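The chain contents come next:
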Amino acid sequence: MILYEMIDYSILKMIWWLLLGVLLIGFAVMDGFDMGVGAMLPFVAETDIERRVVINTIGPTWEGNQVWFILGGGAIFAAWPPLYAISFSGFYLAMFVVLAAMILRPVAFKYRSKRPDPSWRNAWDWALFTGSFVPALVFGVAVGNVLLGVPFSLDNDLRMTYEGSFFALFSPFSLLCGLLSVTMLVTHGSVWLVMRASGDIAARARRFGTVTAGLSIALFALGGYLVASGYVEGFRITSEIDPNMAANPLAKQAITEGGAWMYNYTVHPILWLAPGLGFLGLFGTLVLLQTRFEMPIFLFSKLAIFGIISTVGVSMFPFILPSSIQPEASLTVWDASSSHRTLFNMLVATLIFLPIILVYTAWVYKVLWGKVDEETIERDNHSAY
């Protein structure tokens, strides 16, 4: 027997669907508080020294956190080539905006403290805000568009035609998802500042987190209502599909109908745990922000992110990129993956390198852990941030 045939093709597809979810959640958890802190920077810190404190809470680790972004993009490219091709083509301008905004972050980190001029530093502070707020918003808008369906079609040779536009991405529902993404990550960033900063900065972060956690609960509930009520139509496969099939999205039939995104919850009630954990995490964060507890708040904030992103995944399964104009061309877990051998080889590499990344990340945070305050910044005045 060939080695990769030891694991059934359909099982490998499921494993990679789960791993893609892990990588996306890992990115939101690890780089999410960086973006949340950056989005709050001009508001949570009033003086230059306070802004230096805020920046130094994330400065030493933000680059490592972006590894999860690279891993997620790489996984999509290798495990789901049609998903990578269609999403990056259809969302090209949106991706360009995100990358342009994210490029501002490293430049701002490096250049902010090169000159003591207040105008210079203030400009780079707003660059950090832009480089954090814009990706958080656009990523959420992208998720909203995926739930609504993306306007692409495939011909008989599987050549893609995209019929959307950049501004059409910002529909009311997708903007709601974008705002949920922003409030969720700002809440996460607020909790991070509560743990890593002190004094007035931590107090302001608590107030920010309280407001954004409340808004996240309201937006998550509203989004769920719009999906459950049928305002947002879901997608459903109406033909037989072979989980072991080679990549060919047109080898099925699918339709759109109101409430279709609720089908998995009807068949498997245990999946209600996903939105339940999202609400539990948000409520726990909201309540604990009113206390002196620190680490438990961060755990609840992570739980909220896990629950919210998992809710999208389990609602859509097996769809990963629906087509709003040609439902049968929608990409699913079963018909848009790489070959059996490719998925197996990637899994072996992941089992080797992902634990190394996790161990190294944990070690870095252990070494760099501790409160950052104004005295630390003044004592270490040569700090790059």
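For clarity, every value in this text was computed on a predicted model and none was experimentally measured. (Residues numbered from 1 in each chain as written. Predicted model: local features only at pLDDT ≥ 70, side-chain atom pairs only at ≥ 80, totals over all residues. Heavy atoms only, no water.)

Enquirer: Could you give me a rundown of the overall build of the protein chain, with the residues and numbers involved?
Expert: Check the secondary structure of the protein chain and you find 15 helices and 6 strands. Its C-alpha radius of gyration of 22 Å places the protein chain within 12% of the 21 Å reference for a compact globule of 385 residues. C-alpha atoms of the protein chain, sized along the principal axes, occupy 65 × 45 × 40 Å. Among the 385 residues that make up the protein chain, the fraction classed as buried is 50%. Expressed as a percentage of contacts within the protein chain between residues at least 6 apart in sequence, the contacts between residues at least 24 apart total 81%. Summing over all exposed atoms, the protein chain offers an accessible surface of approximately 17,600 Å²; the carbon and sulfur share of this is 69%. Across the protein chain, the centroid of the 22 positively charged side chains sits 9 Å from that of the 26 negatively charged ones. (Helix = DSSP H or I, 4+ residues; strand = E, 2+ residues; numbered from the N terminus. Rg over C-alpha atoms; globule rule 2.2 N^0.38 Å. Buried < 20%, exposed > 50% of the residue type's maximum accessible area, 1.4 Å probe, protein only. Contact = heavy atoms within 4.5 Å. Areas by Shrake-Rupley, 256 points an atom, 1.4 Å probe, with all protein chains shown as cover. Lys, Arg positive; Asp, Glu negative; His and termini not counted. Charge placed at Lys NZ, Arg CZ, Asp CG, Glu CD.)

Enquirer: Summarise the UniProt feature "transmembrane region" (unreviewed entry) in the protein chain; cite the residues concerned and give the values.
Expert: The sites that UniProt annotates as "transmembrane region" (unreviewed entry) are residues 12–30, 83–105, 126–154, 166–187, 208–228, 270–291, 303–323 and 343–365. Secondary structure over residues 83–105 splits into 96% helix and 0% strand, and the C-alpha atoms at its two ends are 27 Å apart. A distance of 30 Å separates the end C-alpha atoms of residues 303–323, which is 67% helix and 14% strand. (UniProt positions renumbered as here; feature names shortened; annotations may be inferred.)

Enquirer: Describe in detail unusual backbone geometry, supporting the description with residues and values.
Expert: For the bond from F317 to P318, the omega torsion is 5°, close enough to zero to count as cis. By secondary structure assignment, the location of P318 is in the loop between α13 (295–316) and β5 (319–321). Phi is positive for L158, which is not a glycine, with a value near 60°. Looking at where L158 falls in the secondary structure, it is placed in the loop between β1 (152–154) and β2 (160–162). For L158, a relative accessible area of 36% puts it in the partly exposed group.

Enquirer: Can you explain the nonpolar core? Please cite residues and give values.
Expert: Ranked by size, the top nonpolar core spans 106 residues in total, and within it W16 and W80 carry the most contacts. No other element matches the 13 residues that helix α9 (residues 172–196) contributes to this core. Setting aside anything within four residues of it in sequence, one finds W16 in contact with A75, A79, W80, L343, M346, L347 and T350. (Core = buried A, V, L, I, M, F, W, Y, C linked by side-chain atoms within 4.5 Å.)

Enquirer: An account of the packing of helix α2 (residues 32–44) against helix α8 (residues 118–148) is needed here, citing residue identities and associated values.
Expert: Here α2 crosses α8 at 135°, and the two axes come no closer than 7 Å. Considering their axes alone, α2 and α8 lie oblique with respect to each other. α8 is crossed by α2, and the crossing has left-handed handedness. Seen from α2, the contacting residues are D34, M35, G38, A39, L41, P42 and F43; seen from α8, they are D125, W126, L128, F129, S132, F133, P135 and A136. Looking at the contact of α2 with α8 residue by residue, the class counts come to 11 nonpolar, 2 polar and 2 charged. (Axes fitted to C-alpha atoms, helices over the stretch in contact; angles between N-to-C directions. Parallel < 35°, antiparallel > 145°, perpendicular 65-115°, else oblique. Left-handed = near helix turned anticlockwise from the far one by under 90°. Nonpolar A, V, L, I, M, F, W, Y, C, P; charged D, E, K, R; others polar.)

Enquirer: Hey, could you go over the environment of L354 for me, with residue numbers and the actual values?
Expert: Along the chain, the position of L354 falls in helix α14 (residues 340–368). By relative accessible area, which is 17% here, L354 ends up buried. Sequence separation of L354 and S181 is 173 residues, and the distance between their C-alpha atoms is 26 Å.

Enquirer: Hey, could you go over the environment of N56 for me, with residue numbers and the actual values?
Expert: When you line up the elements, N56 lands in helix α3 (residues 48–58). Residue N56 is classed as buried on the basis of its relative accessible area of 11%. For the pair N56 and I320, spaced 264 residues apart in sequence, the C-alpha separation works out to 38 Å.

Enquirer: Could you give an account of a nonpolar patch on the surface, with specific residues and numbers?
Expert: Together, Y92, L93, F96 and V97 make up an exposed nonpolar region whose accessible area comes to about 430 Å². Along the polypeptide, Y92 turns up in helix α7 (residues 92–111). Residue classification places Y92 among the exposed residues on the basis of a relative accessible area of 56%. (Patch = residues over 30% accessible without salt bridge, like charges linked within 9 Å, V, L, I, M, F, W, Y side chains within 5 Å. Salt bridge = Lys/Arg side-chain N within 4 Å of Asp/Glu carboxyl O.)

Enquirer: Break down the packing of aromatic side chains for me, citing the residues and quoting the values.
Expert: Considering all chains together, one arrives at 27 aromatic pairs under this definition. Considering the side-chain rings of F27 and F139, the 5.7 Å spacing of their centres and the 85° angle between planes classify their relative orientation as edge-to-face. Here the residue F27 occupies a position in helix α1 (residues 9–30), and F139 occupies one in helix α8, the gap between them amounting to 112 residues. Three or more aromatic residues link up through ring pairs in this structure, and these residues are F33, W192, F298, Y365 and W369. One residue, R196, lies across the ring of W369, its end atom 5.2 Å from the ring centre. (Phe/Tyr/Trp six-rings, centres within 6.5 Å; stacked < 30°, edge-to-face > 60°. Lys NZ or Arg CZ within 6 Å of the ring centre and 35° of its normal.)

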